[in-house]
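The chain contents come next:
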Amino acid sequence: MITPVILCGGAGTRLWPLSRKSYPKQFTRLKGELTLFQSAALRLRGEGFGPPLIVTGPDFRFIATEQLAEIGISDGTVLIEPDARNTGPAILAAALWLERSAPDATMVVMPSDHEIPQANMFRETVENAQKQAHDGQIVTFGIRPTRPETGYGWLEMSDPHIPGAQPLKSFVEKPDRDRAEALLVDGSYLWNAGIFLFTAAAMREAVTTHAPDLLAGVEEAVAGAEQDLSFHRLASGAWSDLPNLSIDYAVMEKADNLWVQPYDGHWCDLGDWETVRRESPDLGQGVATAGAATALDCKNTLLRSEAEGMEVVGLGLENVIVVATPDAVLVADRARAQEVGRAVKTLKARAAPQAEQSQRDHRPWGWFETLALDDRFQVKRIVVKPGGQLSLQSHLHRAEHWIVVSGTARVTIGDEVSLVSENQSVYVPLGATHRMENPGKVPMVLIEVQTGSYLGEDDIVRYEDVYARSAED
């Protein structure tokens, strides 16, 4: 069987302010009810494909498993990178992990943030390229181009008249506009989708030949991996010394056993807001909206409201992108959509929390968001999922007042345990050991009022935690 390997890292800064480092685009619902990550996981379910292998970072491990559970996937494996080292080490780690139990394992590697709506066609295309992979080739997938795209790399086919997989002639870096128009007219070129099919043994051999500096470190990280709840943590020692290399630079641009498999279905890398506008339902005149957004006499414009109770109205706009979240608003010329990352860097330099931190802070037990904040107090909405429980902890600089507005909380303060129902409240004195749990079958919602001299999230002394988190998690 083919093992789907889903790469689930990155910050997605070009889709700021919806996508941020703390909660990147693959976990958001850009289109429809499913997240991009969930769509990727479901895409290769079924006969001929094994359980997915997810490669992600420590900050996203609980988010990934929770979203898999939401779509009924419980057989996946989550491999945790100690820190981001680009796609080269990540893909090699997945190959070596699979090779331990099946030396001839076949794997299809794909990003978690692509849109491929015709799942059956995509599965058939992957299966059609199996022979080349079993013969030791590395197969990359190319998309039939529909426009002179400058945001993608391109792939040159040996003979565009040959159906199915064929030897890859060359890679083309992201071209300028004139070059992209020439590639489109030529007919011998495809967009590079960044999706690959190969055996674990073939990847080991390719890295040994073309990027030997990666092999020993990744081997050590895989051999030293440790079980952490249901996750597998790669050993951090050797991993931290690995170079930051993409798989294209490390292997693909140097290997001589590359084949390309054209994919004729719809594909989209939802990498920036202009792409989202183009891929959204057209309301006429190139206008797309989402959420509580209204467009009046607009053209070629995207309006999105990602905040409850916030109306976004565009009047007479043309070639504009507007995305509003509860704590940030982006207004941009759509021709400069790929430059949104510049705004993130500027905000980060100013130490603005909106640069990387989402308003909702997602935790394994649920999530919380700040409703009001001042020097000496903070008001939060906290949602604890059924069965979720916060760590047993205390604070050095703040006291807390909890008011349950929905569901029931089991509250521990010192040696006392009590149930707190809707419209009831409890006070947690400064320094008191405490814990909050949701023993019910529906989400529990409460309002927390913090008062004290310091209100940072690092003011936690943690004693017990069912999620095996450190004080920094």
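Above this text sits the structure in question.
One structure accompanies this document, and this report is about it. Counting restarts for each chain: residues are numbered from 1 in the order of the written sequence. Note on the predicted model: pLDDT of at least 70 is required for a residue's local features to be given, and 80 or more for side-chain atom pairs to be given and counted; whole-chain, interface and lining totals, by contrast, use all residues. Note: side-chain values were computed over all heavy atoms of the structure, leaving out hydrogens and water.

## Let's talk about the side chain of Arg-462
Worth spelling out the cut-off: Secondary structure counts use DSSP, requiring at least four H or I residues in a row for a helix and at least two E residues in a row for a strand, with both numbered from the N terminus. The buried label applies to any residue whose accessible area, calculated with a 1.4 Å probe on protein chains only, is under 20% of its type's maximum; exposed applies above 50%, and partly exposed to all values in between. Charge convention: Lys and Arg are scored as positive, Asp and Glu as negative, and His as well as the terminal groups of each chain are ignored. The salt bridge definition used is simple: a Lys or Arg side-chain nitrogen within 4 Å of an Asp or Glu carboxyl oxygen. Two N or O atoms count as a polar contact when they lie within 3.5 Å, although within protein this holds only if one can serve as hydrogen donor and the other as acceptor, and sequence-adjacent residues are included solely when both atoms are side-chain atoms.
As for its position among the elements, Arg-462 is in strand S30 (residues 461-464). Despite being buried, Arg-462 has no salt bridge partner; Asp-465 is the closest side chain of opposite charge, sitting 4.5 Å away. Within the structure, Arg-462 has its side chain in polar contact with the side chain of Ser-391 (distance 3.1 Å).

## Describing the nonpolar core
Test applied: Take the buried residues of types Ala, Val, Leu, Ile, Met, Phe, Trp, Tyr and Cys, join any two whose side-chain atoms come within 4.5 Å, and each joined set is a nonpolar core. Whether two residues are in contact is decided by their heavy atoms, any of which lying within 4.5 Å being enough.
Ranked by internal contacts, the top residues of the largest apolar core, which has 60 residues, are Ile-195, Leu-197, Trp-267 and Met-436. Considering each element in turn, this core owes the most residues, 5 residues, to strand S9 (residues 189-199). Among all residues touching Met-436, those that are not within four sequence positions of it are Ile-382, Val-384, Gln-389, Leu-390, Trp-402, Ala-409, Arg-410, Met-444 and Leu-446. Core analysis: the second largest hydrophobic core is formed by 45 residues, Val-5, Leu-155, Leu-190 and Ala-206 among them.

## Topic: helix H3 (residues 87-99)
How we decide: Helices are assigned an expected span. That span is 1.5 Å times one less than the residue count.
With 13 residues, H3 should cover 18 Å at 1.5 Å per step; its first-to-last C-alpha distance of 18 Å lies within 8% of that length. Within H3, 12 of the 13 residues are buried, which leaves it mostly tucked inside the rest of the structure. Within H3 the residues assigned to the buried category are Gly-88, Pro-89, Ala-90, Ile-91, Leu-92, Ala-93, Ala-94, Ala-95, Leu-96, Trp-97, Leu-98 and Glu-99.

## With respect to the pattern of salt bridges
Summed over the entire model, instances satisfying the criterion amount to 31 salt bridges. Notably, a salt bridge pairs Arg-342 with Glu-339, separated by 3.1 Å at the nearest N-O pair. A relative accessible area of 53% means that Arg-342 is categorised as exposed. The partner of Arg-469 in a salt bridge is Asp-465, with the nearest N and O atoms 2.7 Å apart. Since its relative accessible area comes to 9%, Arg-469 is described here as buried. The buried category is assigned to Asp-465, whose relative accessible area is 17%.

## Points about the side chain of Thr-28
Mapped onto the elements, Thr-28 comes out in the loop between strand S1 (2-8) and helix H1 (36-43). Note on Thr-28: relative accessible area 6%, which makes it buried. Looking at Thr-28, its side chain comes within polar contact range of the main-chain oxygen of Lys-25, at 2.7 Å. When neighbours within four sequence positions are excluded, Thr-28 is seen to be in contact with Leu-18, Tyr-23, Thr-35 and Leu-36.

## Let's talk about the sheet that holds strand S27 (residues 425-428)
Quick reminder of the rule: By the convention used here, strands pair only if DSSP detects at least 2 bridges between them. Each axis is a line fitted through C-alpha atoms, and for a helix only the stretch in contact is used; angles between axes span 0 to 180 degrees, taken between their N-to-C directions.
Strand order in the open sheet formed by 6 strands is S20-S21-S22-S29-S24-S27, with antiparallel pairing between adjacent strands. The sheet terminates laterally at strand S20 (360-363) and S27, the two strands that pair on one side only. Taking the axes of each pair of neighbouring strands and ignoring which way they run, one obtains an average angle of 20° across the sheet. Pairing geometry for strand S22 (residues 377-384) and strand S29 (residues 444-452), over 8 bridges, is antiparallel. Residue pairing across strands places Arg-381 opposite Ile-447, the latter belonging to S29.

## Observations regarding the packing of aromatic side chains
Convention followed: Here a pair means two rings of Phe, Tyr or Trp (six-membered ring of Trp) with centres within 6.5 Å. Their orientation is stacked below 30 degrees between planes, edge-to-face above 60, and tilted elsewhere.
Under the criterion given, the structure shown has 12 aromatic pairs. Aromatic pair Tyr-23 and Phe-27: ring centres 6.1 Å apart, planes at 45°, arrangement tilted. The exposure class of Tyr-23 is buried, given its relative accessible area of 13%. Its relative accessible area of 1% is what places Phe-27 among the buried residues. Between Tyr-152 and Trp-191, the ring centres sit 5.1 Å apart and the planes meet at 75°, which makes this aromatic pair edge-to-face. Of this pair, Tyr-152 sits in the loop between strand S6 (138-143) and strand S7 (154-157) while Trp-191 sits in strand S9, placing them 39 residues apart in sequence. On the accessibility criterion, Tyr-152 (8% relative accessible area) is buried. With a relative accessible area of 2%, Trp-191 lands in the buried category.

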